[in-house]
Amino acid sequence: MKKQLRSEFNSRQYMLAEDFELFYYSDPHFQSVGDHSHPYYEVYLFVEGRVDMLFSGRKRTLRPGDVIIVPPGTVHRAVIHGDETPYRRFVFWLSVPFCDALRAESETYLSAFDRASREKGLVLPMDLLAFNRLRGKLFALLEELSTDRLGRDAQIGLYVRDLMLFLSREAQQKPRAKAPRGVLSPYEAIVAYIADHLEEELSLDSLSRIFYLNKYYIVHLFQANAGLSPHQYIIKRRLSACCEAMLGGAGLAECCARCGFDNYSGFYRAFVREYGVSPSRYLRSQGVTQPAPAER
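Residues numbered from 1 in each chain as written. Predicted model: local features only at pLDDT ≥ 70, side-chain atom pairs only at ≥ 80, totals over all residues. Heavy atoms only, no water.

(A) Representation of helix α5 (residues 186-196) within the structure. Burial in α5 covers these residues: Tyr187, Ile190, Val191, Tyr193 and Ile194. Angularly, the buried residues of α5 cover 160° about the axis, an arc narrow enough to put them on a single face. (Buried < 20%, exposed > 50% of the residue type's maximum accessible area, 1.4 Å probe, protein only. Helix = DSSP H or I, 4+ residues; strand = E, 2+ residues; numbered from the N terminus. Arc of directions from axis to C-beta.)

Shown next as structure tokens:
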């Protein structure tokens, strides 16, 4: 294990590189980041620690070797339990335009990612052999990224494609997980309702009426499960849906209406707070160009 390949954690949730970014984190004391989503794909390989991963209304208690592929716009959060062991994981971000370019070469590269998009997140548990193979591939890519050797760019391209193909083969070998039986918890039911009704009124009072729950209890549920207020969670889900729609070619005004924002100025302010850039600048960073309403 090469200490110099470790990344220093920061809470940045946007890409600086055009194509992909790879991190190897090992944190002895880690404060959980609240519910969030990205406009890009994330591949997460869990190595060590005591962690639950929450995504799309599901909870997964992680085991070493678990891989989670998180598609763009999927809200997720890692919940850390204790700090007696370091929290170690690999995090691999891939932009949508980069994945589209790989798809043009071969759809096989995106097989696991397409399945993750259909299922709103994909868990791939690895046996010891597969876990060690994948970890070795990630370390090899990290090492190549840190050097300036002859053929560096060509080798990096080969390593990335090898990783994508490896994940696609693993996904093909693992059947789709069956949905858990039984009744959804109140939090899961509310989250599912929000996902299906983003364009409608989703005030705390309306959720209280629909689910016959005290609104203060609803606030408690979201703070305990998402680390956010219901309003903050809804805004994040609406912004994620807007990003997904914009990348699919929808206009900004259409996105606002479709995702429940009353007006463009309110959407614009929320977008800048969440992503640190204007909607039009975000679209340009993803290789998408379209006319936007005046941004004030």
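(B) Layout of the packing of helix α6 (residues 204-211) against helix α7 (residues 215-225). One can describe the packing of α6 onto α7 by two numbers: an axis separation of 9 Å at closest approach and a directional angle of 100°. One element, α6, and the other, α7, form an angle in the roughly perpendicular class. Touching Leu204, Asp205, Leu207 and Ser208 of α6 are Lys215, Ile218 and Val219, all from α7. When its residues are assigned to classes, the contact of α6 with α7 shows four nonpolar, one polar and two charged. (Axes fitted to C-alpha atoms, helices over the stretch in contact; angles between N-to-C directions. Parallel < 35°, antiparallel > 145°, perpendicular 65-115°, else oblique. Contact = heavy atoms within 4.5 Å. Nonpolar A, V, L, I, M, F, W, Y, C, P; charged D, E, K, R; others polar.)

(C) Geometry of the pairing of strand β1 (residues 20-27). Along β1, eight of the eight residues are buried, which leaves the element largely enclosed by surrounding structure. Side chains Phe20, Leu22, Tyr24 and Ser26 of β1 all project onto a buried face; the interleaved residues Glu21, Phe23, Tyr25 and Asp27 project onto the opposite face, where all are buried too.

(D) Spatial organisation of the sheet that holds β1. Reading across from one edge, β1-β7-β2-β5-β8 is the order of the five strands in this open sheet, with antiparallel pairing throughout. The open sheet terminates on both sides in strands that have one partner only, identified here as β1 and β8 (122-125). The average undirected angle you get between the axes of adjacent strands in this sheet is 15°. Direction of pairing for strand β2 (residues 41-48) relative to strand β5 (residues 66-70): antiparallel, over a ladder of four bridges. Opposite Leu45, over in β5, you have Val67 as the bridge partner. Relative to the sheet, helix α2 (residues 111-119) contacts β2, β5, β7 (87-94) and β8, its axis offset from that of β8 by approximately 130°. (Pairing = 2+ DSSP bridges.)

(E) Main features of the packing of α5 against α6. Contact geometry of α5 with α6 gives a least axis separation of 12 Å together with a crossing angle of 120°. Considered as vectors, α5 and α6 are oriented oblique to each other. Regarding α5 and α6, the two cross each other, and that crossing is right-handed. From α5, Ala189, Ile190, Tyr193 and Ile194 reach across to α6, where they touch Leu207, Ile210 and Phe211. Taken together, the residues of the contact of α5 with α6 sort by class into seven nonpolar, no polar and no charged. (Left-handed = near helix turned anticlockwise from the far one by under 90°.)

(F) Focus on the environment of Asp162. One can find Asp162 in helix α4 (residues 152-173). For Asp162, a relative accessible area of 31% puts it in the partly exposed group. For the pair formed by Asp162 and Tyr109, sequence separation is 53 residues and the distance between their alpha carbons is 8.7 Å. Within the structure, the side chain of Asp162 is placed 2.7 Å from the side chain of Lys137, a separation counted as a polar contact. (Polar contact = N/O pair within 3.5 Å; in protein donor to acceptor, adjacent residues only side chain to side chain.)

(G) Structural detail: unusual backbone geometry. Here Lys120, not a glycine, exhibits a phi torsion of approximately 55°, which is positive. Relative to the helices and strands, Lys120 resides in the loop between α2 and β8. Since its relative accessible area comes to 52%, Lys120 is described here as exposed.

Function-wise, these values are silent; they only describe arrangement.
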